[in-house]
Amino acid sequence: MRGVADAARAARLPLGDPADLARIDYIILGVLCVDGFVLGLISVFYLPSYLGGVPFPFSVFLAAVGNILLVEAARRLGFRRSLAALPVVGWVIAVLLAFAGGPGGDIVVPAADARGLFLVVGGLVPVGFWLFRDVVQRDPSQASSERKL
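Residues numbered from 1 in each chain as written. Predicted model: local features only at pLDDT ≥ 70, side-chain atom pairs only at ≥ 80, totals over all residues. Heavy atoms only, no water.

Colleague: Describe the UniProt feature "transmembrane region" (unreviewed entry) in the protein chain, and please don't skip the residues or the numbers.
Modeller: The feature "transmembrane region" (unreviewed entry), as given by UniProt, occupies residues 26–47, 53–71, 83–102 and 114–132 in the numbering adopted here. The span residues 83–102 is 80% helix and 0% strand, and its two end C-alpha atoms sit 30 Å from each other. The annotated region residues 114–132 carries 95% helix and 0% strand content, and the separation between its end C-alpha atoms amounts to 27 Å. (UniProt positions renumbered as here; feature names shortened; annotations may be inferred. Helix = DSSP H or I, 4+ residues; strand = E, 2+ residues; numbered from the N terminus.)

Colleague: Requested: an account of the pattern of salt bridges, with residues and values cited.
Modeller: Inspection of the entire model under this criterion finds three salt bridges. Of the charged contacts, one joins E72 and R76 as a salt bridge, the two residues approaching to 3.1 Å between their closest N and O atoms. Highlighted residues: E72 and R76, both in helix 3 (residues 59–76), separated by four residues, approximately one helical turn. Judged by relative accessible area, which is 17%, E72 ranks as buried. Among the charged side chains, a network of salt bridges with common partners joins E72, R76 and R133. (Salt bridge = Lys/Arg side-chain N within 4 Å of Asp/Glu carboxyl O. Buried < 20%, exposed > 50% of the residue type's maximum accessible area, 1.4 Å probe, protein only.)

Colleague: Requested: an account of the packing of helix 3 against helix 6 (residues 114–131), with residues and values cited.
Modeller: Running from N to C, helix 3 and helix 6 point in directions that differ by 30°, and their axes come no closer than 8 Å. Taken as axis vectors, helix 3 and helix 6 run roughly parallel relative to one another. Our pair here, helix 3 against helix 6, has a crossing hand that is right-handed. Residues S59, V60, A63, A64, N67, I68, V71 and E72 of helix 3 touch helix 6, and the partners they reach there are F118, L119, G122, G123, P126, V127, W130 and L131. In terms of residue class, the contact of helix 3 with helix 6 is made up of 11 nonpolar, four polar and one charged. (Axes fitted to C-alpha atoms, helices over the stretch in contact; angles between N-to-C directions. Parallel < 35°, antiparallel > 145°, perpendicular 65-115°, else oblique. Left-handed = near helix turned anticlockwise from the far one by under 90°. Contact = heavy atoms within 4.5 Å. Nonpolar A, V, L, I, M, F, W, Y, C, P; charged D, E, K, R; others polar.)

Colleague: Kindly report on helix 3, identifying the contributing residues and their values.
Modeller: Here helix 3 spans 25 Å end to end across 18 residues, near enough to the 26 Å set by a 1.5 Å rise per residue. Within helix 3, the full set of buried residues consists of S59, V60, A63, A64, G66, N67, I68, L70, V71, E72 and A74. Of the residues flanking the end of helix 3, it is G78, one or two places downstream, whose phi is positive at about 105°. (Expected span 1.5 Å × (residues − 1).)

Colleague: Before we move on, can you summarise the packing of helix 3 against helix 5 (residues 86–99) with the specific residues and values?
Modeller: Interhelical geometry of helix 3 versus helix 5 gives an angle of 145° and a closest axis separation of 8 Å. Side by side, helix 3 and helix 5 meet where A63, N67, L70 and V71 of the first sit next to P87, V88 and W91 of the second.

Colleague: An account of the environment of R115 is requested, with residue identities and associated values reported.
Modeller: Mapped onto the fold, R115 is located in helix 6. Sequence separation between R115 and P48 is 67 residues; the distance between their C-alpha atoms is 8.0 Å. Not counting chain neighbours up to four residues away, the residues in contact with R115 comprise L47, P48, P55 and P57. At 3.2 Å, the side chain of R115 forms a polar contact with the side chain of D113. (Polar contact = N/O pair within 3.5 Å; in protein donor to acceptor, adjacent residues only side chain to side chain.)

Colleague: I'd like a rundown of the environment of N67, residues and numbers included.
Modeller: Relative to the helices and strands, N67 resides in helix 3. Taking the C-alpha atoms as reference points, N67 and V127, separated by 60 residues in sequence, lie 6.2 Å from one another. Beyond its immediate chain neighbours, meaning those up to four positions away, N67 contacts L39, V88, W91, G123 and V127. One polar contact links the side chain of N67 to the main-chain carbonyl oxygen of G123, over a distance of 3.0 Å.

Laid out in structure tokens, this is it:
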């Protein structure tokens with residue numbers, strides 16, 4: 001079952017025109033993109049956190065898990081991989097804005113800090129594997145039938 005429109009059809013809900021229900025999926029995808037941007041801001045601002053006296057950037061883990069959850073939510077709506085990755089694009093925009101200097105020259109995440117690199121790698125590599133896991137796990141019989149179509 002894919003998307004809000006298909007779920008409403010399967011439940012035989014009298015919610016109106018199916019085209020209107022299909023638009024809800026794209027509205028939800030837009031909200032997921034905004035969530036990705038907010039996740040990027042949260043992960044950047046919690047990057048310099050400490051556990052006791054030791055630097056402990058737990059926001060790298062938060063970014064990895066959060067990006068996977070956003071992509072999985074978009075995939076469950078029925079979007080293909082390229083559209084399901086849009087929340088991650090929102091996250092990347094927020095993180096790149098943190099690396100850029102502000103109007104006064106203030107930089108939230110300095111490029112010389114290794115935690116910034118950990119945030120970028122830790123936020124993108126796990127979701128990259130998550131996005132393309134079905135390419136690796138694809139059944140060869142399904143791949144041959146898709147080529148015939």
